[in-house]
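Below, each chain spelled out in residue letters.
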Amino acid sequence: MPLTVSIAVQPSGAVVATGGDVLAHDLLRQAGFTRHADWHGIRHRLPARMPHEEQLEIAERAVRMLGAARYLVELDLALSEMSPAGAVVLDLLDQVRGAEHGRALARVIGQLVDGERGVLIRLQEALEAAAEQVTELDVEAYELSDRISAVAEQLFALNEVMTGVVLEAAALAPGLDRAAVQAKASSRNGSNPRTVSGAATATTPVVPEAGKGGRGR
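Residues numbered from 1 in each chain as written. Predicted model: local features only at pLDDT ≥ 70, side-chain atom pairs only at ≥ 80, totals over all residues. Heavy atoms only, no water.

1. A short note on the environment of Val 108
Locating Val 108 in the fold gives a position in helix α4 (residues 102-113). The exposure class assigned to Val 108 is buried, which follows from its relative accessible area of 4%. Here the alpha-carbon distance between Val 108 and Asp 91, two residues 17 residues apart in the chain, equals 10.0 Å. When sequence neighbours within four positions are dropped, the list of residues in contact with Val 108 reads Leu 92, Gln 95 and Val 96. (Helix = DSSP H or I, 4+ residues; strand = E, 2+ residues; numbered from the N terminus. Buried < 20%, exposed > 50% of the residue type's maximum accessible area, 1.4 Å probe, protein only. Contact = heavy atoms within 4.5 Å.)

2. So, helix α1 (residues 22-31)
If you check which residues of α1 are buried, you get Ala 24, His 25, Leu 27, Leu 28 and Ala 31. Projection of α1 onto a plane perpendicular to its axis shows the buried side chains occupying an angular sector of 160°, all on one side. Those residues of α1 that are buried are in contact with β1 (4-9), β2 (15-19), β4 (41-46) and α2 (52-68). One or two residues past the end of α1 sits Gly 32, with phi positive at roughly 130°. (Arc of directions from axis to C-beta.)

3. Details of the pattern of salt bridges
Tallying each qualifying case throughout the model produces four salt bridges. Between Asp 26 and Arg 29 there is a salt bridge, and its shortest N-O distance comes to 3.5 Å. Of the two residues, Asp 26 and Arg 29 are both situated in helix α1; the distance of three residues between them amounts to about one turn of the helix. In this structure Asp 26 comes out as partly exposed when scored by relative accessible area, which is 29%. (Salt bridge = Lys/Arg side-chain N within 4 Å of Asp/Glu carboxyl O.)

4. Comments concerning the environment of Arg 122
Checked against the element boundaries, Arg 122 lands in helix α5 (residues 119-137). Assessed through its relative accessible area of 39%, Arg 122 is described here as partly exposed. Between the C-alpha atom of Arg 122 and that of Leu 112, which follows or precedes it by ten residues, the distance is 9.4 Å. For Arg 122, the contacting residues outside a window of four places in its chain are Glu 116 and Arg 117. A distance of 2.9 Å separates polar atoms of two side chains, one belonging to Arg 122 and the other to Glu 125. (Polar contact = N/O pair within 3.5 Å; in protein donor to acceptor, adjacent residues only side chain to side chain.)

5. Some details on the confidence of the model for the protein chain
Should the pLDDT be low somewhere, the predicted coordinates at that spot are not to be read in detail. Per-residue confidence for the protein chain averages 78 on the pLDDT scale, and 76% of its residues sit at or above 70. Model confidence for the protein chain, summarised as mean pLDDT per element, is weakest for helix α9 (residues 193-203) at 35 and strongest for α1 at 95. Across residues 176-181, where pLDDT falls below 50, the model places four contacts with residues more than four positions away in sequence or in other chains. pLDDT under 50 marks residues 191-217. Its contacts with residues more than four places away, or in other chains, come to 23 contacts. (pLDDT = per-residue confidence, 0-100.)

Below, the structure written as structure tokens:
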């Protein structure tokens, strides 16, 4: 499972990051946190006297760096300038990155594109309501209302396109051993395994499998 790092504001106004491993701690220090070790364990801290804008900047930098290294980050909403709705989607993004099998990935995708309760359909409904409210407030603002309605229609169409994606994602199997696959293919066609491997390397870029070697690269 991906390791989790929590970054939260303390009652004193200090910002404290906990969790993770040695690499996560190094990334926190690079972002601007200071390491502290006491009977609470290892923590990384931004002092209360630091201006709030600077705390925000460092916390957001840490989130980007940790996310790129495939850590799950729990960020205190007080440190995020995003709306609560944006924070919910960000949490889903972390769950997508942490999915270790197709079923887990499908569960998260389902929350985004479910035809009745998913994020996309709810956003589409909210924009449709906004388009109607525009003309309620000003009957002459029909052009603005039309633009909002057009976006809502595009979201509905996108949600329709995603039909079936959840089932396909759930059927995904873990990555296979490439060497074993190539050896099996070679034994079937009588080719030299080294030749097959070399040809594949020359024509197809190697994509690291999710969850293997992603951290720290």
